[in-house]
Amino acid sequence: MNWTYKLDGTALTFNTLGATTLALCQEGSLDRQFLQLLGDTVAYVEADGKLILNLKMDAGNMVFKRENAETVVTGSIVSAESAVLPEDAIIQVQIQDTSQADAPATVIGEQIMEAAGAQFPIGFKVAYNPSDVDQRFTYSMGVRITDASGKLIFVSDTVVPVITNGHPTSDVTINVVSVGQQEVNQPAITITSPQSGETLDGPYIASGTGTGLFEGNVVVRLLDGNGDLMAEQATTLQGENVGTGGFGTWQVQFDNIYGQPQSNGTIEASDPETVTEALFEYGGLCYLHFVDGDVLLVKPKPDANRLDALNRLTTTYIDAGHIDRTQNRELLQLAHDYDDMIALVVFPTFTVAQVIQVAQAGRRLPAGITRFIVPDRILRVNLDIDLLQADLPLRQKNRQLHEYLAEKQRRGDIRHYDESLYLLDE
């Protein structure tokens, strides 16, 4: 189509210079109407990002909307390590919606490129659709670099916020670390942000890496300067094979933290098993592991007797709902077995010496929170209680026990069962 235009102020006219081909116009095209209206243009105006062509004789307007310009996040990928990037490495850069700390990130933009021999720093340019962005949400960058076989060799280890809340869309720097030396089967968790000594003001994101964790579970805890728990969040690693001990990254956002301004504190990240041990070091009675991943520590008042508080606690929840006892602490499996499960209540492990000490003091631990498994138990040993209480040497008592068992064996009165025992309560 060969056209010219003449512009005089806001007056605009179009003129054709020759033949117009319609070879590429499909059936049903409005090409003829479009060209006719274009030729009827007498003026133009720009408003709200639109080009409006006024037609002669007040016949109406043709309105053109500018196609969304490419909206991108640009920057570079760097590494503080001296490792060399393989020539055939594949680099994946993503813009992720990380607003929900305990849910997988949603990808709103991605660039995949070959290294082709390039080394750090490596530039990137990731396009995204502005309509996918909610100014209330949090967005961050993530990088994964694999070799030609798909093995993960580098991964970003810090949260790099972009787009919203005043964060940039250009000159963004993403640091990556090598994961080639990580032992997948050795549990390890690191905190990469915030840095030690950093001052935190308002809502903030804590992030890090992990490997070798059961189902990729991570628990992040915020403690004040006295070691008291202020906030806690459970999350999972993000990355391939994290559910079977693979390497991944994690992050949580703390929104409402109540503490004295300018006071010292500590952030801890660990797996749930380690948290279990640590919780009871702070004098906890038990902790509740909810099906949504949240963990709640139950502590007595500072001046309360722990044993009394423990008995009152168990009485309270037994009367409040249905309770099943279990030795299984795998939350996902339990949630699958119990459709209406709310939480798993976990008590500290009591030693035999502690149970004896409580009994000798004339007290009792709550029923159902202690159980000692004795392998190869012997049932129905009906010795005379007077023999056990008699003032006789221990050797003589053991000899009579031996004679008792030998007689049982001679008569064939001893039976051994290998199978598990299931007891149905009345």
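Note that residues are indexed from 1 along each chain, following the sequence as it is written. In keeping with the predicted nature of the model, local features appear solely for residues at pLDDT of at least 70, side-chain atom pairs appear and are counted solely at 80 or more, and the whole-chain, interface and lining totals rest on all residues. To get the side-chain values, all heavy atoms of the structure are used, and hydrogens and water are removed first.

Participant: Let's hear about the overall build of the protein chain: which residues, and what values?
Facilitator: A count of helical and extended segments in the protein chain gives 7 helices and 22 strands. Burial classes follow relative accessibility: with a 1.4 Å probe on protein chains only, a residue under 20% of its type's maximum area counts as buried, one over 50% as exposed, and anything between as partly exposed. The burial tally for the protein chain puts 32% of its 426 residues in the buried class. Relative to all contacts within the protein chain whose residues are 6 or more apart in sequence, the contacts with residues 24 or more apart total 57%. Where accessible areas are quoted, they stem from the Shrake-Rupley method and a 1.4 Å probe; at the residue level, only the protein chains shown are allowed to cover. For the protein chain, the exposed area adds up to about 28,700 Å²; of that, 49% sits on carbon and sulfur atoms. Helix numbers and strand numbers start at the N terminus; a helix is a DSSP run of H or I with at least 4 residues, a strand a run of E with at least 2. In what follows, residue pairs with any heavy atoms lying within 4.5 Å of each other are defined as contacts.

Participant: Talk me through the packing of aromatic side chains; I want residue IDs and the actual numbers.
Facilitator: Within 6.5 Å between ring centres, the rings of Phe, Tyr and Trp (the latter by its six-membered ring) count as paired, and their orientation is classed by plane angle as stacked under 30 degrees, edge-to-face over 60, tilted in between. Enumeration according to the criterion identifies 1 aromatic pair in this entry. Centre to centre, the rings of Phe 120 and Phe 154 are 5.3 Å apart; their planes meet at 70°, and the pair counts as edge-to-face. Of the two residues, Phe 120 is situated in the loop between β8 (106–114) and β9 (122–128) and Phe 154 in strand β11 (residues 152–156); the sequence distance between them amounts to 34 residues. Phe 154 matches Phe 120 in its accessibility class, with the two residues each being buried.

Participant: How would you summarise helix α1 (residues 31–39) if you had to cite specific residues and measurements?
Facilitator: Those residues of α1 not exposed but buried are Asp 31, Leu 35 and Leu 38. One side of α1 holds all its buried residues, which, seen down the axis, span an arc of 60°. Summarising the geometry of α1, the exposed residues directed more than 90 degrees from the buried face are Arg 32 and Gln 36. The arc in question is traced by the directions running from the helix axis to the C-beta atoms.

Participant: Please provide a residue-by-residue account of the confidence of the model for the protein chain, values included.
Facilitator: You can read pLDDT as the predictor saying how much it trusts each residue, on a scale of 0 to 100. Mean pLDDT over the protein chain stands at 78; residues scoring 70 or higher make up 80%. In the model, residues 181–185 has pLDDT below 50 throughout and makes 7 contacts with residues more than four positions away in sequence or in other chains.

Participant: Just give me the short version of the sheet that holds strand β15 (residues 204–211), but keep the residues and values in it.
Facilitator: One open sheet accounts for 3 strands, arranged β14-β15-β18; its pairing is antiparallel. Here the strands that pair on one side only, and so sit at the sheet edges, are β14 (188–193) and β18 (248–254). Neighbour to neighbour, the strand axes of the sheet diverge by 25° on average, direction disregarded. Two strands qualify as a pair provided that DSSP identifies no fewer than 2 bridges between them. Pairing of β14 with β15 involves 5 bridges; the strand directions are antiparallel. When the bridges of β15 are listed, Thr 190 appears paired with Thr 209. Orientation is described by axes fitted as lines to C-alpha atoms, over the contacting stretch for helices, and by angles from 0 to 180 degrees between their N-to-C directions.

Participant: Got a sec to walk through the nonpolar core? Specific residues and values, please.
Facilitator: Residues enter a nonpolar core if they are buried and are Ala, Val, Leu, Ile, Met, Phe, Trp, Tyr or Cys, with the set joined through side-chain atoms within 4.5 Å. Counting 28 residues, the largest nonpolar core has Ile 77, Leu 85, Ile 91, Val 93, Phe 124 and Met 141 as its most contacted members. The set of elements that each furnish at least two residues to this core consists of β6 (71–78), β7 (90–97), β8, β9, β10 (139–146), β11, β12 (160–162) and β13 (172–178). Apart from residues no more than four positions distant in its own chain, Ile 91 is found in contact with Ile 77, Leu 85, Gln 111, Ile 112, Met 113, Ala 115, Ile 122, Val 143, Arg 144 and Ile 145. The next biggest cluster of nonpolar side chains, apart from the first, holds 14 residues, and it includes Ala 206, Leu 222, Ala 231 and Val 252.

Participant: Could you give an account of a nonpolar patch on the surface, with specific residues and numbers?
Facilitator: Patch membership is restricted to residues that have no salt bridge and whose relative accessible area is over 30%. Joining uses 9 Å for like charges and 5 Å for the nonpolar side chains Val, Leu, Ile, Met, Phe, Trp and Tyr. By definition here, a salt bridge exists when the distance from a side-chain nitrogen of Lys or Arg to a carboxyl oxygen of Asp or Glu is within 4 Å. Side chains of Phe 34, Leu 51 and Phe 64 sit close together on the surface and give an oily, nonpolar patch of about 220 Å² of accessible area. Structurally, Phe 34 is set in helix α1. Overall, the relative accessible area of 33% leaves Phe 34 in the partly exposed class.

Participant: Residues and numbers for unusual backbone geometry, please.
Facilitator: Between Phe 120 and the following residue, Pro 121, the backbone shows a cis peptide bond with an omega angle of 0°. If you trace the backbone, Pro 121 turns up in the loop between β8 and β9. The linkage connecting Ser 193 with the following residue, Pro 194, adopts the cis geometry, with an omega of 5°. Counting through the fold element by element, Pro 194 comes out in the loop between β14 and β15. Positioned with a positive phi, Ala 116 is a non-glycine residue whose angle comes to about 50°. Given a relative accessible area of 61%, Ala 116 falls into the exposed group. The phi angle at Arg 380 is positive, at roughly 65°, despite the residue not being glycine. By the element assignment, Arg 380 lies in the loop between α5 (352–360) and α6 (385–389). According to the relative accessible area criterion, Arg 380 is exposed, its value standing at 70%.

Participant: Quick one: what's the story with the sheet that holds strand β20 (residues 286–290), residue by residue and with numbers?
Facilitator: Pairing is antiparallel across the open sheet formed by 3 strands, whose spatial order is β21-β20-β22. Of all the strands in the sheet, just β21 (295–298) and β22 (343–346) have a single pairing partner and so form its edges. Neighbour to neighbour, the strand axes of the sheet diverge by 20° on average, direction disregarded. Sheet analysis places β20 next to β21, joined by 4 bridges and oriented antiparallel.

Participant: Please set out helix α7 (residues 394–410) residue by residue, giving values where relevant.
Facilitator: By this rule, a helix spans an expected 1.5 Å times one less than how many residues it contains. For α7, which comprises 17 residues, the first-to-last C-alpha distance of 24 Å matches the rise-based estimate of 24 Å (1.5 Å per residue) to within 8%. Once α7 finishes, Gly 412 follows within two positions and takes phi at roughly 75°, a positive value.

Participant: Explain the pattern of salt bridges residue by residue, including any values.
Facilitator: Throughout the structure, instances matching the rule amount to 6 salt bridges. Asp 40 is the partner of Lys 56 in a salt bridge, and the nearest nitrogen-oxygen pair spans 3.6 Å. Note that Lys 56 is positioned in the loop between β4 (50–55) and β5 (61–65) and Asp 40 in the loop between α1 and β3 (41–47), a separation of 16 residues in sequence. Among the residues examined, Lys 56 registers a relative accessible area of 43% and is labelled partly exposed. Arg 363 is the partner of Asp 308 in a salt bridge, and the nearest nitrogen-oxygen pair spans 2.4 Å.

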